[in-house]
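# Summary of structural features
What follows is the residue order along each chain.
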2 protein chains.
Amino acid sequence: MILMFDYCINRLSAYTSLSIEEKGVLRGVVDKKIKHCRGDNIMLAGSEPKSIHVIYNGWASRYKVLPNGREHIVAYLIPGDMCDVHVTLLKRMDHSIRAETPLTVGVIDGGHVDYIMHCYPNLAKALFWSMLVDESIAREWLVNLAGRSAEVRIANLFCELFLRSKVAGLTSSDTFVMPLNQVKISEAMGLTSVHTNRVIQRLKRDKLIVVNKQNIQIPDFSRLQAFADFNGDYLHMGFS
Amino acid sequence: MILMFDYCINRLSAYTSLSIEEKGVLRGVVDKKIKHCRGDNIMLAGSEPKSIHVIYNGWASRYKVLPNGREHIVAYLIPGDMCDVHVTLLKRMDHSIRAETPLTVGVIDGGHVDYIMHCYPNLAKALFWSMLVDESIAREWLVNLAGRSAEVRIANLFCELFLRSKVAGLTSSDTFVMPLNQVKISEAMGLTSVHTNRVIQRLKRDKLIVVNKQNIQIPDFSRLQAFADFNGDYLHMGFS
DNA sequence: GATAGTTTTTAACATTAGTTAAGAATCAGT
DNA sequence: ACTGATTCTTAACTAATGTTAAAAACTATC
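Residues numbered from 1 in each chain as written. Chains lettered and ligands numbered in written order. Predicted model: local features only at pLDDT ≥ 70, side-chain atom pairs only at ≥ 80, totals over all residues. Heavy atoms only, no water.

## Regarding the protein's contact with DNA strand C
- Every one of the 18 residues lining DNA strand C counts as a neighbour, but Arg-38, Gln-182, Asn-197 and Gln-201 of chain A together with Arg-198 of chain B are closest to it.
- In DNA strand C, atoms within 4 Å of the protein come 68% from sugar and phosphate.
- Note that a phosphate oxygen of DNA strand C is positioned 3.3 Å from one of the side-chain N or O atoms of Asn-181 of chain A.
- The contact in question runs from a phosphate oxygen of DNA strand C to an N or O atom on the side chain of Asn-197 of chain A, over 2.5 Å.
- Top element by residues in the surface near DNA strand C is helix H8 (residues 193-205) of chain A. It accounts for five residues. (Near = heavy atom within 4 Å. Polar contact = N/O pair within 3.5 Å; in protein donor to acceptor, adjacent residues only side chain to side chain. Helix = DSSP H or I, 4+ residues; strand = E, 2+ residues; numbered from the N terminus.)

## A word on helix H8 (residues 193-205) of chain B
All names here are of chain B.
- Taking 1.5 Å per residue as the helical rise, H8 with its 13 residues ought to reach 18 Å, and the 18 Å between its terminal C-alpha atoms agrees with that figure.
- Against the buried residues of H8 lie helix H6 (150-168), helix H7 (182-189) and helix H9 (221-228).
- Phi turns positive one or two residues past the end of H8, at Lys-207, with a value near 60°. (Expected span 1.5 Å × (residues − 1). Contact = heavy atoms within 4.5 Å.)

## Topic: the domain arrangement of chain A
All names here are of chain A.
- Domain assignment breaks chain A into domain 1 (2-139) and domain 2 (149-235).
- Using only C-alpha atoms to locate each centre, domain 1 and domain 2 end up separated by 23 Å.
- Taken together, the contacts link 20 residues of domain 1 with 20 residues of domain 2.
- A combined buried area of about 1800 Å² lies between domain 1 and domain 2, and 62% of that area is made up of carbon and sulfur atoms.
- Per-residue buried area on domain 1 facing domain 2 is highest for Trp-59, Tyr-76 and Ile-137; these three make up 37% of the total on that side.
- Joining domain 1 to domain 2, the criterion identifies two salt bridges.
- Taking the shortest distance from any N to any O, the salt bridge between Asp-81 and Arg-164 comes out at 2.9 Å.
- If you look at where domain 1 meets domain 2, you find seven residue pairs in polar contact (both at pLDDT 80 or more).
- Where the side of domain 1 that touches domain 2 is concerned, the elements lending two or more residues are helix H1 (6-13), strand E5 (71-77) and helix H5 (121-147).
- When residues in the side of domain 1 that touches domain 2 are grouped by element, the largest group, five residues, is from E5. (Domains from an automatic or database assignment. Buried area = accessible area lost by both parts, 1.4 Å probe. Salt bridge = Lys/Arg side-chain N within 4 Å of Asp/Glu carboxyl O.)

Below is the structure:
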């Protein structure tokens, strides 16, 4: 359980190396852990959270609801990701966050956030950096939705999720865990679940991915990367 | 010319009221003005800019190039917007920025940025806030691309651009200036220019917008808003 | 190992948006 | 006012993705 925070530390370390002290501070400011069931909202659009949340395990999504009732996922959150650092400045959530699997989050409340921001400038920068990487990912998703066919788009998503999982320390060799079903993929990719299914079948048939329950193996990353027109620069984690 | 910076100050004022001193500091840190021709790159993906840029007049776009040569616009920048505050943390640009009209930018170089960040915490927060609003806009664009039909999508864009122009102080009553052609709209909306044209004709025919050269009049904003399924919360500027 | 719930798969058909290419209208510079 | 360049518009045709609904394959639980 002590290791829970390490996914987050791994991720921030892609930006800057954290001192033993800084890592200790990060672990120390977590006030409590909360467990959520799949489907629970961690945070609702319009709310004004006073604390920030770090995902220990499980996946979550940022999503918005359209008037026709359809829900659109604008980001996936994996272990180590922080949910809402931006509320230090934006006051109100402009989207909701939901647990997409059973999930545990660490809660760092407002006072502790302020403490980090004032006393640990290097940590503060790392937190802002992680927000900006989220922004960069959103921009790449825009290109993905606007300019790539369904097949290339989904292949691109798998490349991203594999690398993000890898940086967090969640992969074993060429395999990562993708605990979301095809409906959730379709809600993020702007496709129907039927079409998402057609596309994933083709990716499997062409051995670009090998799926075994929730484990996705990428037998040849560079082949998938080429097919997907994927360039990892936007993750700002030192990939070409 | 002294008033050039006011669009930016207007925008930041939607977040926090700036003191006379702070406004003076912002104006004072601008080292030089640069004029760009339409089509000029202000900043290239992969570069490591040391200064930040504020748009005085004219419009720009953030864009990425796909291997097939197609260019995708991921954000429009209007007078008062800052191009690249995030390079204080992200080092490399993950996208390019281009002047889409003749354009003047103010340049604030690195030293001055550091000075603001250290000595004017309120200003520093305002700059970070503007980045986070950009991120929020990117998320809304994701929903727009993934979940709305071409007609509603473009209507939504016009709502956004009208309100952003209004906050910057660029509108006169119900009219704003949209200096980009239909090709540029299509590059942002993930549509072909032919289809963009079809859609804009329908919006004009239904009097949701009235176009006169580069002036776009919105005779009944609430009607356009309803058609567009637009909710301005994501702009974080106090709209419902 | 039977049952209910969830997720994936299939199929037939409908619709939106893309493609290509050409013509009309508008604009900028002389 | 004339010319060339740009932008907008139209048309006929194509392709990608959406829609609906039902069946099959899993998964978890008793």
